[in-house]
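Structural overview
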Amino acid sequence: MKIEFDLGKINPDSKKFENQLLRKNIKNAIDIYAAKLPEVYRGLDNDVLDNVTIHIVDASNSDDYGQEAFTKRIKLDNSEFIIAISQFNGQTDIYELLAHELCHISQFLTGMIDDRVGNDSVIWKGEVFVLSSIPPQKRPWEKDAIKNQLKLYGTHPDINRFQK
Ligand SMILES: [Zn+2]
């Protein structure tokens, strides 16, 4: 996976990702998680993962996003995604947020989820879900990501350092 910090910041004044150590730590965590992903999401292989670019974006000043972080596919061929982080020092640490969002990216890469059906709908395992009619905690792709994020986060060697 290729990681970039320089694309379309939601918060244009953000300095959050200017810290080189933070960037390095984020890249390290994603490398560790990417190595584990083929075990967690069957059908994923390293060739596919190598071709994915992730743009890390700071969304911390946006009122529009109640979530701590979210993922957006920006190329239909699954080669580019945004991970927007809106909360750094919240309840969940950033390395766990990243593990969660990588699960969502893996759902796209394996075809479990598809967002090509309009703004308010997604297809999950062949079934159309209308987002406005299903609360986040009931969405099956969220349950899947919440279950699998720990399999990634648990492999982080510095996990104790990052524990809240
Ligand atoms: Zn999620």
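Residues numbered from 1 in each chain as written. Predicted model: local features only at pLDDT ≥ 70, side-chain atom pairs only at ≥ 80, totals over all residues.

If you tally the helices and strands in the protein chain, you get 5 helices and 7 strands. Overall, the protein chain shows an N-to-C arrangement of helices and strands of β-α-α-β-β-β-α-β-β-β-α-α. For the protein chain, with 164 residues in total, the buried portion stands at 27%. Expressed as a percentage of contacts within the protein chain between residues at least 6 apart in sequence, the contacts between residues at least 24 apart total 67%. (Helix = DSSP H or I, 4+ residues; strand = E, 2+ residues; numbered from the N terminus. Buried ≥ 20, exposed ≤ 12 C-beta atoms within 10 Å, placed from the backbone. Contact = placed C-beta atoms within 7 Å.)

Taking 1.5 Å of rise per residue, the 16 residues of helix 3 (residues 94-109) would be expected to cover 22 Å, and the 22 Å separating its terminal C-alpha atoms lies within 8% of that figure. When you tally the buried positions in helix 3, you get 15 out of 16 residues, the bulk of the element. After helix 3 finishes, the residue Gly 111 shows a positive phi value of roughly 75 degrees. (Expected span 1.5 Å × (residues − 1).)

A separate point is the sheet that holds strand 7 (residues 127-130). Pairing between the strands of a sheet is mediated by backbone hydrogen bonds and can be parallel or antiparallel. Taking strand neighbours across the sheet as the criterion, the 3 strands line up as 5-6-7 in an open arrangement whose pairing is antiparallel. Strand pairing shows two members of the sheet lacking a second neighbour, strand 5 (113-114) and strand 7, which therefore form its edges. As paired strands, strand 5 and strand 6 (residues 121-124) are joined by 2 bridges and run antiparallel to one another. Its bridge partner lying in strand 6, Asp 114 is registered against Ile 123. (Pairing = 2+ DSSP bridges.)

Considering soluble globular proteins, one finds that nonpolar side chains tend to be buried as a cluster. Counting 31 residues, the largest nonpolar core has Ile 30, Tyr 33, Ile 83, Ile 85, Leu 98, Ala 99 and Leu 102 as its most contacted members. Contributing elements (two or more residues each) for this core: helix 1 (20-40), strand 2 (53-58), strand 4 (80-85), helix 3 and helix 4 (140-153). Considering every element that reaches this core, the biggest residue donor is helix 3, with 9 residues. Those residues in contact with Leu 98, other than ones at most four positions away along the chain, are Ile 26, Ala 29, Ile 30 and Ile 83. (Core = buried A, V, L, I, M, F, W, Y, C linked by C-beta atoms within 7 Å.)

It is at 8 Å that the axes of helix 3 and helix 4 come closest, and there the two elements cross at 125 degrees. Classified by the angle between their axes, helix 3 and helix 4 sit oblique to one another. The chirality of how helix 3 crosses helix 4 is right-handed. Across from Tyr 95, Glu 96, Ala 99, His 100, Leu 102, Cys 103, His 104 and Gln 107 in helix 3, the residues of helix 4 making contact are Trp 141, Asp 144, Ala 145, Asn 148, Gln 149, Leu 152 and Tyr 153. Classifying every residue of the contact of helix 3 with helix 4 by side-chain character gives 8 nonpolar, 5 polar and 2 charged. (Axes fitted to C-alpha atoms, helices over the stretch in contact; angles between N-to-C directions. Parallel < 35°, antiparallel > 145°, perpendicular 65-115°, else oblique. Left-handed = near helix turned anticlockwise from the far one by under 90°. Nonpolar A, V, L, I, M, F, W, Y, C, P; charged D, E, K, R; others polar.)

Across the sheet, which stays open at both edges, the 4 strands sit in the order 1-2-4-3 with mixed pairing between neighbours. Pairing within the sheet leaves two strands with one partner each, and these edge strands are strand 1 (2-4) and strand 3 (69-73). For this sheet the average axis-to-axis angle between neighbouring strands, irrespective of direction, equals 25 degrees. In this sheet, strand 2 lies alongside strand 1 in parallel orientation, the contact comprising 3 bridges. Across the sheet, Ile 3 pairs through a bridge with Ile 54, a residue of strand 2.

Another aspect to go through is the packing of helix 1 against helix 4. Two elements in contact, helix 1 and helix 4, have axes separated by 9 Å at closest approach and are oriented at 135 degrees. The orientation of helix 1 relative to helix 4 falls into the category oblique. For the element pair helix 1 and helix 4, the recorded crossing hand is right-handed. Within the contact between the two elements, helix 1 uses Tyr 33, Lys 36 and Val 40 and helix 4 uses Asn 148, Lys 151 and Leu 152. Residue classes in the contact of helix 1 with helix 4 are distributed as 3 nonpolar, 1 polar and 2 charged.

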